[in-house]
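Chain residues, written in single-letter form:
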Number of protein chains: 2
Amino acid sequence: MISKLKIGLFGFGCVGQGLYDVLSKSSGIKADIIKICVKDRSKSRKLPMELFTYDKNDILNNSEINLVVELIDDADEAFNIVKAAMTSGKSVVTANKKMVANHLSELVELQSKHNVSLLYEASSCGSIPIIRTLEEYYDNELLYSVSGIFNGSSNYILSKIFNENLDYATALKQAQDLGFAESNPLLDVGGFDAKFKLTIIAAHAYGLFIHPDDILNLGIQNLSLDDIDYARKNGKKIKLVNVARKLNDHEITIHTMPTFVAPHQYLYFVENEYNGVIVEAAFSDKQFYLGKGAGGHPTGSAVLSDISAVTYDYKYAYHKASQDKKLKYSKNVLLEVYVRYSSDEERNLVPFESISEEGKGYSIGTVRLENLLNKNAELLSSKLFICNTGKNIPMLALQVNEPEKAAAH
Amino acid sequence: MISKLKIGLFGFGCVGQGLYDVLSKSSGIKADIIKICVKDRSKSRKLPMELFTYDKNDILNNSEINLVVELIDDADEAFNIVKAAMTSGKSVVTANKKMVANHLSELVELQSKHNVSLLYEASSCGSIPIIRTLEEYYDNELLYSVSGIFNGSSNYILSKIFNENLDYATALKQAQDLGFAESNPLLDVGGFDAKFKLTIIAAHAYGLFIHPDDILNLGIQNLSLDDIDYARKNGKKIKLVNVARKLNDHEITIHTMPTFVAPHQYLYFVENEYNGVIVEAAFSDKQFYLGKGAGGHPTGSAVLSDISAVTYDYKYAYHKASQDKKLKYSKNVLLEVYVRYSSDEERNLVPFESISEEGKGYSIGTVRLENLLNKNAELLSSKLFICNTGKNIPMLALQVNEPEKAAAH
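Scope of this entry: the structure provided in the associated data block.

Below, the discussion takes up the pairing of strand β10 (residues 251-261) of chain A. Residues and elements named next belong to chain A. Along β10, 10 of the 11 residues are buried, which leaves the element largely enclosed by surrounding structure. Summarising the sheet, strand β8 (residues 216-217) and β10 pair through 2 bridges and their orientation is parallel. Looking at the pairing, Leu216 lines up with His255 of β10. Both strand β9 (residues 237-246) and β10 contribute to a ladder of 10 bridges, which runs antiparallel. Bridge assignment links Lys246 to a residue of β10, and that residue is Ile252.

Put into structure tokens, the structure is as follows:
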């Protein structure tokens, strides 16, 4: 057990500032931030200048520092910092989902090789303790699926559209003004941010280290009034939904895409910047977690929790990755999708295997996941709006009024 | 780290049997049940008789056994077993909320004195990992409140009444037939079971070891058609709600009672045997957890998770109990309640401080918590139906459409 943590902090934006505030007020946790590395020399700082440095080595080479907290934007620079910190025997807490998702295998090896902790609860679904839960709670269960709404920014936009009749552009601007959207909104609305989180969750849920580039992500950036009307007419909302689920005993599949959600489903009620996670498992049955996914404070609270865990020498064990029976990732899965197109050329990007409904400017039918994944980049840069009908995603049906089940006697 | 757990199991009802099944199927967890102590000699068992014993000392004196799992009904006998196990250096996992709630201080001392773990996630809200979450996640946060629906049995009854128009007696019988109700239904419908869980949760949330007898519990056993009609007419449902909340910097209050819940509140959607827990904290803001609270499998999954944690030497740290700034429990709190009475004599059991509404056979007004607590036994044995109007319980208003908050910049 580490008696006192001496923290070197990278980044001093809203999460970093919130964290500093909390640590100075908190009597329970034995940790001090002793150095803060920032990039912007011109910004005035509310704290004494001696706390700050512009040279990362002032932290990385400081033997007094035993924990690095990484809260910067640049995922590549973040990886360099984190790798250097772990190599020199310092534990790390990070909120950087892109960095973790892109380098997870190597990061797990580094933890093992240098006997340090790398914790990243804040990288996935903000204040919902899903990583810790998957690691410790569902350790040995038959986990059927982990799914939900993992990006607060795009969900905020969708809430404003469906609940308050705002148009997409106005809703996006509001999200940016409120600080819910990344500087490049496509990271949020295109489903990339959600996909990074899904990657991390899949590793802890199923022991599979899948590269984000190998996971389908489709977004809401082409959402049109026609699509909103279609959803409404059918009594549904559109949510950007992430799914990691077992297909059978030895295979799982995984994807991020807009999905039609019905009023009897819990995700229907996940609004604004909230995230919602549904876990389905053999013994605990269905679980639903709801919490804020965006904002300095919710993220900061997850970072704080990880810092606290480091004082107890907590490490992710990646149990499922070390179990004998390995699961495989299958892309040979049939999805039912609604596709709105403005040209035949673009419509032909979607290799439908069967069509069940056609209307003015849209088609609904089945398509194989791998065939969408092969063209992920093209689909993202097209004007197509592609939405999963939710038909083949059973776990979303966490119903408000569950049909009665027989007791477990 | 314990390399292999040798488990002595007390009780072989539906949770115990479910646990045995899971452990034999599970490859991930290194634990074997090597002895099962049961009471009923006449019951035929599906497993070899050599596994069973009728003498607790066959487990308690067995030095090979390093973990005792306690799943019996009798809270007093359970305490004797658990105390003996811990005293002889064995860690313990239990699901017995009454036993834990009634002896928590002593159990914490025993853990410390004999350097063993006592884990009891299954004692609170079934498959919702609330204890672990309060211990590890909100370690250092300003926790405003923990509240929710903690008893699946009474909630099942209320769901059937409000959603399917069953009368109380029919709904109760269905709950018993499905195995959701304890053999003595008053434990569930009177709010005792919920109160035990609330006691445990308050210890982990606030570091206060409050005896259950010092906490108000009112139940739904006197719920009448008039009360159901009143709720419906006002667009509400009645739920049996538990609250542990901060009043200010140095005081908390705590109670279990029926409460009117409105459609914009999340607890409105917690149905049947599901439990729902709302956590409000300074930095993570509002969190909501939903999961099955009753049944062999959900409880078994929580027990399994605790067994897994023991292999990693996990112990509850009761952080908040060891922090300098101690909170106090205040009963000097004004509640607004609806009271249905069938005699003036019984109505006078409730010392209203003010009345806001009177009708045929009911009154609504304010009353001090301590004045209800002082008469808790009388109130429970009367025919009064007392229901909190929800007015002074802000944390329940986790709204489906949250009003916009300013970003944390």
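With that settled, the discussion passes to unusual backbone geometry. The phi torsion of most residues other than glycine is negative, and most of the peptide bonds are trans. Residues and elements named next belong to chain A. With a phi angle near 60°, Asn165 is a residue other than glycine that sits in the positive phi range. Among the secondary structure elements, Asn165 is positioned in the loop between α6 (152-164) and α7 (168-177). Asn165 gets classed as exposed once you look at its relative accessible area, which sits at 60%. Non-glycine residue Asn272 carries a positive phi angle of around 50°. Structurally, Asn272 is set in the loop between β10 and β11 (274-281).

Following the sequence through the fold, A:Gln111 ends up in helix α4 (residues 97-114). Other than its neighbours up to four places away in sequence, A:Gln111 contacts A:Met86, A:Val116, A:Ser117, A:Leu118, A:Lys315, A:Tyr316 and A:Tyr318.

Scanning the model with the defined rule gives 36 salt bridges over all chains in all. The closest approach of N and O atoms between B:Asp214 and B:Lys331, which form a salt bridge, is 2.8 Å. With B:Asp214 in the loop between α9 (192-206) and β8 (216-217) and B:Lys331 in the loop between β13 (328-329) and β14 (334-340), this residue pair connects regions lying 117 residues apart in the sequence. A residue is classified by how much of its surface remains accessible, and B:Asp214, at 29% relative accessible area, is partly exposed. Among the residues examined, B:Lys331 registers a relative accessible area of 24% and is labelled partly exposed. The salt bridge partner of B:Lys237 is B:Glu271, with a shortest N-O separation of 2.5 Å. Of the two residues, B:Lys237 sits in strand β9 (residues 237-248) while B:Glu271 sits in the loop between β10 (251-261) and β11 (274-281), which places them 34 residues apart along the sequence. A single burial state applies to B:Lys237 and to B:Glu271, both of which are buried. Residues joined in a network through salt bridges with shared partners are A:Lys97, A:Asp193 and A:Lys197.

Parameters and conventions
Residues numbered from 1 in each chain as written. Chains lettered and ligands numbered in written order. Predicted model: local features only at pLDDT ≥ 70, side-chain atom pairs only at ≥ 80, totals over all residues. Heavy atoms only, no water. Buried < 20%, exposed > 50% of the residue type's maximum accessible area, 1.4 Å probe, protein only. Helix = DSSP H or I, 4+ residues; strand = E, 2+ residues; numbered from the N terminus. Pairing = 2+ DSSP bridges. Contact = heavy atoms within 4.5 Å. Salt bridge = Lys/Arg side-chain N within 4 Å of Asp/Glu carboxyl O.

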